[in-house]
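Residue strings, one per chain:
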Amino acid sequence: MGDPVFAGGIAGTALIRAPSNLGLRPLHQGHEPGTWRAPQALTEAGLETRLRPSRVVDLGRPDYSTDPQPGTVLRNGPAIRRFNQQLADAVDAALRDRLFPVVVGGDCSILIGALAGARRHSDLALVHLDGHSDFRHPGNYEPDFALHSAAGMDLALAIGLGDPLMLRWPGAPDPLVPAGRAIQIGEREGREPDWGWEDIADTAITRIDMFELLEMGLAEGLRRSFAVLDRTPEIPFWVHLDVDILDQAVMPAVDSPGSPGLDYAGLATLLRGFLASPRCLGLNVTIYDPDLDPDGAYARGLVGMLADGLAPLASARRDGQ
C-alpha cells in the first residue's frame, strides 16, 4: 500500500460483469429482480464496444433465494458474501495489472466486493452517487421486517455498520472506508417526514442531496466533493453509481425510480469530473433492470451516458502507455 496504484497512468480498462440481484427484495411472490441481466443487456447495447476494455471478466450468476439463511438477517446473505469475494478478487487482479475496474452490476451490494478488492491496495475514499443513501443498518432496521435487503445497506456497510457477515474481508481492514472519507450525492427522500435513515446525520459522511445539487450546480457539487477528497490527497477514491440518481423521466428502469434527478448530460458531467482525477481508482454501476426496459431504449441511453462519462479513461490510458 505504498506507491500510488496508477503511478504513471492506467494501462487500460477492465470490464467486470457482475450479474447479481441478491441484494434486492422480490416485488411479489415468485418475482426475481431482473438486475442480474443488466451486464449482458448493456453489453448488447454497445457498452463493451464503446469502452474497448483491455480485459473482460464475467462472474457467474449466483442463485437467488427468498428463504431465510441461518446466522444472518440478510436475504441471500451467504451467497452475497461468496459473490463479493469473487468480485474482490477480480478487482484486485485488475488493479495489480494497472487496469481501471469498471464493474457493471447488478444490485448495490456489489459495492462491498469492489471496495474489498480495492482496499487490498490502498486506503480509500468513496464517492457514492445514488438517489438513496443506502444507510439501513441494525440501528434503524424496520422492526417488522424478517429479512433485509443488502442493496439498501451498501453505504452503511462500507463505513462498518451492519451484519458482520458483510463487514470483514481478507486483506481489507475494517471499515472499508472511514465515514469521514465518504461522500453521498443524490439522496432525494431525506427531507420526507417518514424517512428512516436520519441517523446518517450523526456520522462524518459528507452529504449533498439532490435538491442541493440541482440548486448549487454540478461544478459546485464537484468542487465541494473535492474539498473533502483533498483533505487526504494521498488517498485514492472509488466511485459508486446507482443509476436511480437519474430522474425517473430519463431512467424509469430501476426498482425505485424517483424525481427530482439528473439527466444523462448532468450525470456524465459528474462522472467526467471524478474520473478525470488520477486518484480515481475504479467505478461500479448498479440497479438498471432490463425487465423494465423491454425494447432496450434505456439501455442505449445509459450506454451513451457512460461512454461520455468514462471519456477521461481514454486519455488516462494514453498517458500510461
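Refer to the preceding data block for the structure.
Residue positions are given per chain, counting from 1 as you read along its sequence in written order. Per-residue local features are limited, in this predicted model, to residues with pLDDT of at least 70; the limit for side-chain atom pairs, both in listing and counting, is 80 or more; totals at the level of whole chains, interfaces and linings are taken over all residues. Only hydrogens and water are set aside when side-chain values are computed; all heavy atoms of the structure are taken into account.

Caption draft 1: Representation of the overall build of the chain in the model. Under the DSSP-based scheme used, a helix requires at least four consecutive residues in state H or I and a strand at least two consecutive residues in state E, with every element numbered from the N terminus. Within the chain, the secondary structure is distributed over ten helices and eight strands. At 18 Å, the chain has a C-alpha radius of gyration in line with the 20 Å of a compact globule built from 321 residues. Its C-alpha atoms give the chain principal-axis dimensions of about 55 × 45 × 40 Å. The convention is simple: Lys and Arg are positive, Asp and Glu are negative, and His and the chain ends are not counted. Lysine's charge is taken at NZ, arginine's at CZ, aspartate's at CG and glutamate's at CD. In the chain, 28 positive and 43 negative side-chain charges are present, and the distance between their average locations comes to 7 Å. Each radius of gyration reported is based on C-alpha atoms, and the globular scaling rule is 2.2 Å times the count of residues to the power 0.38.

Caption draft 2: Representation of the side chain of arginine 188 within the structure. Within the secondary structure, arginine 188 sits in the loop between strand S5 (182-185) and strand S6 (206-208). Side-chain polar atoms of arginine 188 contact the backbone oxygen of aspartate 244, separated by 2.9 Å. A 3.5 Å cut-off defines polar contacts: any pair of N or O atoms within that distance qualifies, except that in protein one atom must be a possible hydrogen donor and the other a possible acceptor, and neighbouring residues in sequence count only when both atoms are side-chain atoms. Here glycine 258 takes part through its backbone oxygen, which lies 3.5 Å from a polar atom of the side chain of arginine 188.

Caption draft 3: Fine view of the sheet that holds strand S3 (residues 99-105). Pairing between two strands requires that DSSP report at least two bridges joining them. With parallel pairing, the eight strands of this open sheet are ordered in space as S2-S1-S3-S8-S7-S4-S5-S6. The open sheet terminates on both sides in strands that have one partner only, identified here as strand S2 (55-58) and S6. Going from strand to strand, the sheet's axes swing by 15 degrees on average, the running direction of each strand aside. In terms of strand pairing, strand S1 (residues 12-18) meets S3 through seven bridges, oriented parallel. Residue pairing in the sheet places leucine 15 in a bridge with valine 102 of S3. Axis definition: a line fit to C-alpha positions, over the contact stretch in the case of helices; interaxial angles, taken between N-to-C directions, run 0 to 180 degrees.

Caption draft 4: Here's a closer look at the nonpolar core. Core analysis: the largest hydrophobic core is formed by 104 residues, its most contacted members being Leu129, Val239, Leu241, Phe274 and Tyr288. Among the elements that make up this core, the one with the highest residue count is helix H3 (residues 77-96) (eight residues). Any two residues whose heavy atoms approach within 4.5 Å at even a single point are treated as in contact. Non-local contacts of valine 239, meaning those with residues more than four positions away in its chain, are made with Val127, Leu129, Leu271, Phe274, Leu275, Cys280, Gly282, Leu283 and Asn284. We call a set of buried Ala, Val, Leu, Ile, Met, Phe, Trp, Tyr and Cys residues a nonpolar core when their side-chain atoms join them within 4.5 Å. Burial classes follow relative accessibility: with a 1.4 Å probe on protein chains only, a residue under 20% of its type's maximum area counts as buried, one over 50% as exposed, and anything between as partly exposed.

Caption draft 5: Examining the packing of H3 against helix H4 (residues 110-118) more closely. In the contact formed by H3 and H4, the axes pass within 7 Å of each other and the chain directions differ by 40 degrees. The angle between the axes of H3 and H4 places the two elements in the oblique class. In this structure, H3 meets H4 at a crossing whose hand is right-handed. When H3 is examined against H4, the residues Phe83, Asn84, Leu87, Ala88, Val91, Asp92 and Leu95 are found in contact with a partner set consisting of Ile110, Ile112, Gly113, Ala114, Ala116, Gly117 and Ala118. Oblique is the label for any angle not covered by the other classes, which are roughly parallel (under 35 degrees), roughly antiparallel (over 145) and roughly perpendicular (65 to 115). Less than a right angle of anticlockwise turn of the near helix away from the far helix marks a crossing as left-handed, whereas a clockwise turn marks it as right-handed.

Caption draft 6: The arrangement of the packing of helix H8 (residues 264-275) against helix H9 (residues 297-309) in detail. Interhelical geometry of H8 versus H9 gives an angle of 35 degrees and a closest axis separation of 8 Å. Considering the relative orientation of H8 and H9, their crossing is right-handed. Contact residues: Tyr264, Leu267, Ala268, Leu271, Arg272 and Leu275 in H8; Tyr298, Gly301, Leu302, Met305, Leu306, Asp308 and Gly309 in H9.

Caption draft 7: Structural view of the layout of surface pockets. Quantified by volume, the largest pocket comes out at close to 640 Å³. Buriedness of a pocket was judged along seven lines, with at least five required to meet protein on both sides within 12 Å; pockets are open sets of points on a 1 Å grid over the protein atoms alone, cavities are sets where a 1.4 Å probe fits but cannot get out, and lining residues have an atom within 4 Å of a point. Together, 29 residues line the largest pocket, and Arg25, Arg136, Gly152, Trp197 and Ser256 are the ones closest to its centre. Class assignment for the residues of the lining of the largest pocket results in eight nonpolar, eight polar and 13 charged. Grid points are joined across faces, edges and corners, and a volume is the space filled by probe spheres set on the points. We call Asp, Glu, Lys and Arg charged. Ala, Val, Leu, Ile, Met, Phe, Trp, Tyr, Cys and Pro are nonpolar, and the rest, Gly among them, are polar.

Caption draft 8: Representation of the environment of isoleucine 287. Along the chain, isoleucine 287 turns up in the loop between strand S8 (280-286) and H9. C-alpha separation for the pair isoleucine 287 and tryptophan 169, spaced 118 residues apart in sequence, amounts to 24 Å. Filtering out sequence-adjacent residues up to four positions away, isoleucine 287 remains in contact with Leu24, Thr35, Gly106, Asp107, Cys108, Asp242, Val243, Ala253, Val254 and Asp255.

Caption draft 9: Examining the pairing of S5 more closely. Neither face of S5 is left uncovered, since the one carrying Ala182 and Gln184 and the one carrying Ile183 and Ile185 both have all their residues buried. For strand S4 (residues 125-129) and S5, the ladder comprises four bridges, and the chain directions are parallel. Residue pairing for S5: valine 127 is matched across the bridge by isoleucine 183.

Caption draft 10: Geometry of the pattern of salt bridges. Any carboxyl oxygen of Asp or Glu within 4 Å of a side-chain nitrogen of Lys or Arg constitutes a salt bridge here. Overall, the coordinates contain 14 salt bridges when judged by the stated rule. The residue aspartate 291 makes a salt bridge to arginine 37 at a minimum N-O spacing of 2.5 Å. Remark: arginine 37 occurs in the loop between S1 and helix H1 (38-44) and aspartate 291 occurs in the loop between S8 and H9; sequence separation between them is 254 residues. Residue arginine 37 is classed as partly exposed on the basis of its relative accessible area of 33%. Among the salt bridges present, the one from arginine 191 reaches aspartate 209, with a minimum N-O distance of 2.8 Å. Of this pair, arginine 191 sits in the loop between S5 and S6 while aspartate 209 sits in the loop between S6 and helix H6 (210-216), and the two are 18 residues apart along the sequence. A relative accessible area of 15% means that aspartate 209 is categorised as buried. Connected through salt bridges with shared partners, the residues Asp89, Asp92, Arg96 and Arg120 form a single ionic network.

Caption draft 11: Inspection of the pairing of S4 at higher detail. The element S4 is largely enclosed, with a buried count of five among its five residues. Judged by which residues are buried, S4 turns out to be covered on both faces: Ala125, Val127 and Leu129 on one side and Leu126 and His128 on the other are all buried.

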